[in-house]
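Here is what each chain is made of, one letter per residue.
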Amino acid sequence: MMTLLKYEIYRRWIWLVLRYAALIVIGAILLNRVSSPAYQYEFIGESIGKFALTSLVIFIIIIVEGINMLKEDLFEECGYLTFTIPKKGRTILASKLVLLLLQLILWTVITIGFGSIFFSKLPYHEMVQIETQTNFYFFPTVLFILTAFFNFVLMIHFSLTLTKTLLVNKKYSGLLSIGIFFFLVYLIEKVYYGPFLNQIKHISIEIGSRSNIDLLSGGYTAVFLNLILIAIFFTATAYLLEKKINI
Amino acid sequence: MEQVLKTTQLSKYFYQKKALDKVDLSIEKGKIYGILGPNGGGKSTFLKIAAGLLKPSQGEIAIDNKEPGVYTKSIVSYLPETNYLYKWMKIKDALNFFKDLYTDFDVKRARKSLKFMELEEEEKVTSLSKGMMGRLKLTLALSRKAKLYLLDEPLNGIDPISREKIITSILDSYSEKASILICSHLIYYIEKLLDYVFFLSEGRIILSGNAEDLRNKRGMSIDKLFQEVF
């Protein structure tokens, strides 16, 4: 797996360096501006907004690239190389997902790092106001966002793999796989998360604790549910890549 | 004689179209085989199934008595017709990739072959001409010490000088421990290599036999026989 990961990094290392360098440089420039004694407090929000926008763009690039990593191998000629190497489906898939994970971790560290410094530049009363007004569990929320997007990429990988495996000789296989993706999204939201969360919420209220139970504000339960989904989609996609590929 | 590959009633459909129709054949160790036929006859489909890139619709295929999978990929060296190397690669990257991912890849043999093929390690694969790319792909495929080599149209679109180099290279790589299966419609150039031939048309084997026996029996070269049959 490490050998494949090495080549996944090697083939796109310039873009990897560029995107994180851009995030750090823009963050540093904005931070330098707000650190100036002449800078007005009311403009800190503007700098935070600019940094958040840059970070969001980089995040979207990471997610799109995460999707394309497998798409290229499935739909382009280089797949003849990838899928004739003597490696298991899970090894091929894991090499791509580990790179995605490393990228997401690095993005999170840089974004949170700069975000914390920007936050510390706010006037004390504003900091207190934000902290008291928001009912926000930081780490569960960050973990929830990361695992949710990781699972989102994996679900797209699964759907793309379907078009080159089980649906390969079906008419409109592309449309079918898109339909399956949206059906899975619906199913997960309504059937998978729904009953679990209601049950957990009920129990939590009974024991008098409402912390980390709300899906939208994060929560370790939601993270746990995401991890189960990741394991399911990873296993299914890896199996299809190894046993059913038709490219 | 030990069988390296065996198929039983192997069929492959793409939607309603039959690409392969109940193909029965076996490949023995230490021989060079040719699957000959016009374009669209099912040759590439057969090789892709053997390489583990396609699944059969019906029938069975066994390579070294195993279904195509991780093990068979470790003993089969496949040369596809397309430019399958990653676009970011230089020739030296392709060499390193093969060295890292195939335990049977012989770097010394590959470097010697690159020299013979007049290819520079620093060249980018995207800058190579079709002939150079053909020579590079063959270098990579034949530098593995595989049990079975699957060569899909190794001469297609290749200039006459490159053709000679490729044929010489295939002959040099011949070993009694391995088998070579070549798919081509350019029979004239590869005829001298072949021990055994299968004529494949519309997914079916319509003629097969020992190349020398066919030549003697029909009183003509395999190339002429091909033209007569198709």
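Owing to the predicted nature of the structure, the values given are computational and were not obtained by experimental measurement.

Q: Can you break down the overall build of chain A residue by residue, with the values?
A: A tally of regular secondary structure across chain A gives nine helices and zero strands. In chain A, buried positions account for 45% of the 247 residues. For chain A, contacts bridging at least 24 residues in sequence account for 82% of all contacts bridging at least 6. Looking at chain A as shown, the accessible area adds up to about 13200 Å², and 70% of this sits on carbon and sulfur atoms.

Q: Any chance you could break down the overall build of chain B for me, citing the residues and the numbers?
A: Within chain B one finds nine helices and nine strands. The C-alpha radius of gyration of chain B comes to 17 Å, within 12% of the 17 Å expected for a compact globule of 230 residues. A principal-axis box enclosing the C-alpha atoms of chain B has dimensions of 45 × 40 × 35 Å. Burial status across chain B gives 56% buried among its 230 residues. The long-range share in chain B, meaning contacts at least 24 apart out of those at least 6 apart in sequence, stands at 70%. Looking at chain B as shown, the accessible area adds up to about 10300 Å², and 47% of this sits on carbon and sulfur atoms.

Q: Account for the sheet that holds strand β5 (residues 76–79) of chain B, with residues named and values stated.
A: Residue and element names in this part refer to chain B. The strand order across the open sheet built from six strands is β5-β6-β7-β3-β8-β9, with neighbouring strands paired in mixed fashion. Two strands close off the open sheet at either side, each with one partner strand: β5 and β9 (204–210). Each strand of the sheet is rotated relative to its neighbour by a mean of 15°, with strand direction disregarded. Inspection of the sheet shows strand β8 (residues 196–201) paired to β9 by six bridges, in the antiparallel sense. Within the sheet, the bridge partner assigned to F198 lies in β9 and is S208.

Q: Can you tell me about the pattern of salt bridges, naming the residues and giving the values?
A: Here the structure, examined in full by the defined rule, presents 24 salt bridges over all chains. One network of salt bridges, in which partners are shared, links A:E8, A:R11, A:R12, A:R19, A:E65, A:E72, A:D73 and A:K96.

Q: Tell me about the interface of chain B and chain A, residues and numbers included.
A: Chain B puts 30 residues into the contact, and the matching count from chain A is 30 residues. Carbon and sulfur atoms supply 60% of the area buried between chain B and chain A, which totals about 2700 Å² over both sides. Applying the counting rule to chain B against chain A returns one salt bridge. Notably, a salt bridge pairs B:D100 with A:K6, separated by 2.8 Å at the nearest N-O pair. Seen at the junction of chain B and chain A, the total is 14 residue pairs in polar contact (both at pLDDT 80 or more). Going through the elements one at a time, β1 (3–14), α1 (43–51), α2 (70–75) and α3 (91–101) of chain B are the ones with two or more residues in the side of chain B that touches chain A. No other element matches α3(B), which puts six residues into the side of chain B that touches chain A. Classifying every residue of the side of chain B that touches chain A by side-chain character gives 18 nonpolar, five polar and seven charged.

Q: Now, about helix α8 (residues 211–218) of chain B: what can you tell me, with residues and values included?
A: In an α-helix, one full turn covers 3.6 residues, which means residues spaced three or four apart are oriented alike. Where α8(B) begins, the side chain of B:N210 points an oxygen toward the backbone nitrogen of B:E212, at a separation of 2.9 Å. B:G219, located one to two residues past α8(B), shows a positive phi value of around 65°.

Q: Requested: an account of the domain arrangement of chain A, with residues and values cited.
A: Residues and elements named next belong to chain A. Each domain of chain A was delimited in the assignment, giving domain 1 (1–133) and domain 2 (135–247). At the interface, 24 residues of domain 1 touch 22 residues of domain 2. Here domain 1 meets domain 2 over a buried area of about 2200 Å², counting both sides, of which 85% is carbon and sulfur. Ionic pairing is found between E242 and K88, a salt bridge with its closest N-O pair at 4.0 Å. Of all the elements in the fold, those that place two or more residues in the side of domain 1 that touches domain 2 are α3 (44–75), α4 (79–82) and α5 (89–120). Here the residues of the side of domain 1 that touches domain 2 are counted per class, giving 15 nonpolar, five polar and four charged.

Q: Could you give an account of the layout of surface pockets, with specific residues and numbers?
A: Looking at the second largest pocket, its volume works out to about 470 Å³. Sorting the residues of the lining of the second largest pocket by element identifies α9 (220–243) of chain A together with β1, β4 (58–63) and α2 of chain B as the ones contributing at least two each. The element that contributes the greatest number of residues to the lining of the second largest pocket is β4(B), accounting for four residues. Residue composition of the lining of the second largest pocket, grouped by class: eight nonpolar, six polar and eight charged.

Q: Account for the packing of aromatic side chains, naming residues and giving values.
A: Applying the stated criterion across every chain yields a total of 21 aromatic pairs over all chains. Aromatic side chains A:Y10 and B:W88 sit 5.3 Å apart centroid to centroid with 85° between the ring planes, which places their arrangement in the edge-to-face category. Highlighted residues: A:Y10 in helix α1 (residues 2–11) and B:W88 in the loop between β5 and α3, drawn from two different chains. The class of A:Y10 is partly exposed, set by a relative accessible area of 39%. Relative accessible area serves as the criterion here: at 18%, B:W88 is assigned to the buried category. Ring geometry for B:Y33 and B:F198: centres 6.1 Å apart, planes at 10°, overall stacked. Note that B:Y33 is positioned in strand β3 (residues 32–36) and B:F198 in strand β8, a separation of 165 residues in sequence. Residues B:Y33 and B:F198 agree in their burial class; the two are buried. In this structure an aromatic cluster arises from ring pairing among A:Y7, A:Y10, B:Y86, B:W88, B:F97, B:F98, B:Y102 and B:F105. Directly above the ring of B:Y71 sits B:K66, whose terminal nitrogen or CZ lies 5.0 Å from the centroid. The cationic tip of B:R163 hangs over the ring face of B:Y189; the distance from NZ or CZ to the ring centre is 4.3 Å.

Q: Account for the nonpolar core, with residues named and values stated.
A: Grouped together as the largest cluster of nonpolar side chains are 142 residues, with contacts concentrated most on B:F46, B:L85 and B:L136. Taken domain by domain, this core gets at least three of its residues from each of domain 1 (1–133) and domain 2 (135–247) of chain A. Excluding its chain neighbours within four sequence positions, the residues that come into contact with B:L85 are A:L81, B:A94, B:F98, B:V125, B:M133, B:L136 and B:L140.

Q: Report on the packing of helix α7 (residues 138–163) of chain A against α9(A), specifying residues and quantitative values.
A: Residues and elements named next belong to chain A. Running from amino to carboxyl end, α7 crosses α9 at an angle of 20°, the nearest separation of the two axes being 9 Å. Between α7 and α9, the crossing angle belongs to the class labelled roughly parallel. Helix-helix and strand crossings are classified by hand; for α7 and α9 the assignment is left-handed. Across the contact of α7 with α9, the residue classes tally to 21 nonpolar, six polar and no charged.

Rules and cut-offs
- Residues numbered from 1 in each chain as written.
- Chains lettered and ligands numbered in written order.
- Predicted model: local features only at pLDDT ≥ 70, side-chain atom pairs only at ≥ 80, totals over all residues.
- Heavy atoms only, no water.
- Helix = DSSP H or I, 4+ residues; strand = E, 2+ residues; numbered from the N terminus.
- Buried < 20%, exposed > 50% of the residue type's maximum accessible area, 1.4 Å probe, protein only.
- Contact = heavy atoms within 4.5 Å.
- Areas by Shrake-Rupley, 256 points an atom, 1.4 Å probe, with all protein chains shown as cover.
- Rg over C-alpha atoms; globule rule 2.2 N^0.38 Å.
- Pairing = 2+ DSSP bridges.
- Axes fitted to C-alpha atoms, helices over the stretch in contact; angles between N-to-C directions.
- Salt bridge = Lys/Arg side-chain N within 4 Å of Asp/Glu carboxyl O.
- Buried area = accessible area lost by both parts, 1.4 Å probe.
- Polar contact = N/O pair within 3.5 Å; in protein donor to acceptor, adjacent residues only side chain to side chain.
- Nonpolar A, V, L, I, M, F, W, Y, C, P; charged D, E, K, R; others polar.
- Domains from an automatic or database assignment.
- 1 Å grid on protein atoms, 1.4 Å probe; cavity = no way out; pocket = protein on both sides within 12 Å on 5 of 7 lines; lining within 4 Å.
- Points joined across faces, edges and corners; volume = space filled by probe spheres on them.
- Phe/Tyr/Trp six-rings, centres within 6.5 Å; stacked < 30°, edge-to-face > 60°.
- Lys NZ or Arg CZ within 6 Å of the ring centre and 35° of its normal.
- Core = buried A, V, L, I, M, F, W, Y, C linked by side-chain atoms within 4.5 Å.
- Parallel < 35°, antiparallel > 145°, perpendicular 65-115°, else oblique.
- Left-handed = near helix turned anticlockwise from the far one by under 90°.

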